[in-house]
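Chain residues, written in single-letter form:
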Amino acid sequence: MTPRLALALVLIGAVPLHAQERPRTLDEWIGDPTHTHDGRIRLTGLKHGTYHRGYRCPTLEAAAAVVSTVTAARKGRTTAERQRALLLRTLPKHGCAAAARGDYVPLALGPMVSLDLGYEANEDWTALRVRTPDGVEAGLVYDASVYAMD
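A brief report on the enclosed structure follows.

Conventions and cut-offs
Within every chain, residues take consecutive numbers counted from 1 along the sequence as written. Note on the predicted model: pLDDT of at least 70 is required for a residue's local features to be given, and 80 or more for side-chain atom pairs to be given and counted; whole-chain, interface and lining totals, by contrast, use all residues. Remark: hydrogens and water are excluded; side-chain values derive from all non-hydrogen atoms of the structure. Note on method: axes are straight lines fitted to C-alpha atoms, helices fitted across the in-contact stretch only, with angles between N-to-C directions ranging 0 to 180 degrees. Helix and strand assignments come from DSSP, with helices taken as H or I runs of at least 4 residues and strands as E runs of at least 2, each series counted from the N terminus. Note on terminology: angles under 35 degrees are roughly parallel, angles over 145 are roughly antiparallel, angles of 65 to 115 are roughly perpendicular, and the others are oblique. For a crossing to be left-handed, the near helix must be turned anticlockwise from the far one by less than a right angle; the clockwise case is right-handed. Throughout, a contact is declared for two residues whenever any of their heavy atoms are within 4.5 Å. Classes in brief: Ala, Val, Leu, Ile, Met, Phe, Trp, Tyr, Cys and Pro nonpolar; Asp, Glu, Lys and Arg charged; the others, Gly included, polar. Exposure is judged per residue with a 1.4 Å probe applied to protein chains only, and the accessible area is read against the type maximum: over 50% gives exposed, under 20% gives buried, and values in between give partly exposed. For the purposes of these results, a polar contact is taken to be a pair of N or O atoms within 3.5 Å, where, inside protein, one atom must be able to donate a hydrogen and its partner to accept one; residues adjacent in sequence count only when each atom of the pair is a side-chain atom. Here, any two strands with at least 2 DSSP bridges between them count as paired.

The angle between the axes and the distance between the axes are what describe a pair of packed helices. Where helix α4 (residues 60-73) meets helix α5 (residues 80-93), the closest approach of the two axes is 9 Å, and the angle between their N-to-C directions is 150°. When the axis of α4 is compared with that of α5, the two are roughly antiparallel. The handedness of the crossing between α4 and α5 is right-handed. Together, V66, T69, V70 and A73 of α4 and Q83, L86, L87, T90 and L91 of α5 make up the contact between the two elements. Across the contact of α4 with α5, the residue classes break down as 6 nonpolar, 3 polar and no charged.

Let us look at the environment of R74. Relative to the helices and strands, R74 resides in the loop between α4 and α5. Of the residues examined, R74 reaches a relative accessible area of 42% and is grouped as partly exposed. As for R74 and V113, which are separated by 39 residues in sequence, their C-alpha atoms are 9.5 Å apart. If near-sequence neighbours (up to four positions away) are discounted, R74 is found in contact with Q83, V113 and S114.

What follows concerns the side chain of T36. Mapped onto the fold, T36 is located in the loop between α3 (26-31) and β1 (41-43). Within polar-contact distance, the side chain of T36 engages the backbone oxygen of I30 at 2.9 Å. Residues within four places of T36 in sequence aside, it is in contact with W29, I30, I41 and P106.

Right, let's talk about the pairing of strand β5 (residues 122-131) for a bit. Each regular strand displays side chains that alternate between the two surfaces of the sheet. Counting buried positions along β5 yields 7 of 10 residues, so the element is predominantly enclosed. In this sheet, β5 lies alongside strand β4 (residues 102-116) in antiparallel orientation, the contact comprising 9 bridges. Looking across to β5, one finds that L115 is bridged to E123. Following β4, the chain reverses through 5 residues before pairing antiparallel with β5; G118 in that reversal takes a positive phi of roughly 120°.

Let us now look at the environment of L115. Following the sequence through the fold, L115 ends up in strand β4. On the basis of relative accessible area, L115 is assigned to the buried category, the value being 1%. Along the sequence, L115 and T79 sit 36 residues apart, while their C-alpha atoms lie 9.0 Å from each other.

Along the chain, E123 turns up in strand β5. At 2.8 Å, the side chain of E123 and the side chain of W125 are in polar contact.

So, in structure tokens, the structure goes:
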């Protein structure tokens, strides 16, 4: 094996699974260990500046509308920072607020959008229908990135 081939294999193996191919089903999404712990999304409720890892919405449709707004904005000339700001502005318009601490059980997978905010600063926002820690179904806009803070 040539040194270049060995290096290429190392680099390919270092790319996270979520960056290579988007999951097509909820089971594939749950199966990615960067997304869930034992099939649950565990949120601490901590805030890092304006960043929360998850935002609870009334429904999956509300969460999907938030993510779809950012997806639509990508068609124009806009930066990832502006797309992130749009996401934050759109959340309250759809009744979404920072998610409380606890375990959320994913029930249905909605749209996803990836924002490349620089070195080790990707955000992979996913719309989901979840069972919340208080036992009701709701929507969730969740940063499933390996670089997400929580």
